[in-house]
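# Chain and residue survey
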Amino acid sequence: MSSPNAGPSRWEKLGESTLATTRVLELRSVRYRHPVRGTERDFAVVHPSDWVNVLALTPDGRLVLVRQFRFGVDSFSLEIPGGVMETGEDPVVAGLRELREETGFTGRDARVLGSVHPNPAIQSNRCHFVLVEQ
């Protein structure tokens with residue numbers, strides 16, 4: 001029996017296959033084996049590109065938002081600007097590009113606040129947060 005302080009066990013990756021490829025993501029079936037129980041399961045894993053979200057502040061301290069139609073919710077959404085990054089693209093460069101494309105705003109000071117895996121249970125990508133001050 002393992003110690004309660006040992007933490008979770010790392011599953012062994014046995015293989016994977018591509019189920020679907022689209023313009024914005026690849027969906028894969030990945031087979032894993034549990035190291036203690038020996039049970040095997042297939043998991044759906046989404047492989048989108050990394051993306052950037054921009055927190056842009058106007059000179060008077062207001063947050064810049066964009067309203068756009070979103071297919072996932074079949075409705076309009078009010079959200080911070082952002083989007084898909086090109087492979088190898090710097091998050092600050094991507095953030096400034098997305099801000100300009102979606103809102104017309106530009107900024108003088110931009111920096112990365114941090115990065116996260118937005119949904120590590122099923123996605124492999126990272127989301128970078130960029131602060132832009134006008």
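Higher on the page you've got the structure.
Residues numbered from 1 in each chain as written. Predicted model: local features only at pLDDT ≥ 70, side-chain atom pairs only at ≥ 80, totals over all residues. Heavy atoms only, no water.

## Observations regarding the overall build of the protein chain
Heads up, the condition is: Strands are runs of DSSP state E lasting at least 2 residues, helices are runs of H or I lasting at least 4, and numbering of each runs from the N terminus. In this setup the radius of gyration rests on C-alpha atoms only. A globule is expected at 2.2 Å times the number of residues raised to 0.38. Burial classification: accessible surface area is computed with a 1.4 Å probe over protein chains only, and a residue below 20% of its type maximum counts as buried, one above 50% as exposed, and the rest as partly exposed. We call two residues in contact whenever any of their non-hydrogen atoms come within 4.5 Å of each other. Accessible surface area values rest on a Shrake-Rupley calculation with a 1.4 Å probe, where residue burial reflects the displayed protein chains alone. Residues scored as positive are Lys and Arg, those scored as negative are Asp and Glu, and His as well as the terminal groups of each chain are ignored. In this description, the location of a charge corresponds to atom NZ of lysine, CZ of arginine, CG of aspartate or CD of glutamate.
Each helix and strand counted, the protein chain has one helix and nine strands in total. Of the regular secondary structure in the protein chain, the N- to C-terminal order runs β-β-β-β-β-β-β-α-β-β. Its C-alpha radius of gyration of 19 Å places the protein chain more than 25% over the 14 Å reference for a compact globule of 134 residues. Projected onto its principal axes, the C-alpha positions of the protein chain cover 60 × 35 × 30 Å. Every one of the 134 residues in the protein chain was classed for burial, and the buried ones make up 26%. Look at the contacts in the protein chain between residues 6 or more apart in sequence, and 42% of them connect residues 24 or more apart. A total accessible area of about 9000 Å² is found for the protein chain, and carbon and sulfur atoms account for 53% of it. Side-chain charges of the protein chain comprise 16 positive and 17 negative groups, with the mean position of each set lying 5 Å from the other.

## Brief notes about the sheet that holds strand 3 (residues 40-48)
As a reminder of what qualifies: Following DSSP output, two strands are said to pair if at least two bridges run between them. Think of each axis as a best-fit line through the C-alpha atoms, taken over the contacting stretch in the case of a helix, with angles from 0 to 180 degrees between the N-to-C directions.
Reading across from one edge, 1-2-3 is the order of the three strands in this open sheet, with antiparallel pairing throughout. With partners counted over all chains shown, the strands left at the sheet margins are strand 1 (12-21) and strand 3, one partner each. Across the sheet, the axes of successive neighbouring strands diverge by a mean angle of 25 degrees, strand direction being ignored. For strand 1 and strand 2 (residues 25-33), the ladder comprises eight bridges, and the chain directions are antiparallel. Across the sheet, Glu12 pairs through a bridge with Arg33, a residue of strand 2.

## Quick notes on the environment of Gly38
Following the sequence through the fold, Gly38 ends up in the loop between strand 2 and strand 3. With relative accessibility at 39%, the residue Gly38 sits in the partly exposed group.

## Some thoughts on the environment of Gly88
Mapped onto the fold, Gly88 is located in the loop between strand 7 (82-84) and helix 1 (91-103). Looking at Gly88, the relative accessible area reads 81%, which means it is exposed. Remark: the alpha-carbon pair of Gly88 and Arg111, spanning 23 residues in sequence, is separated by 17 Å.

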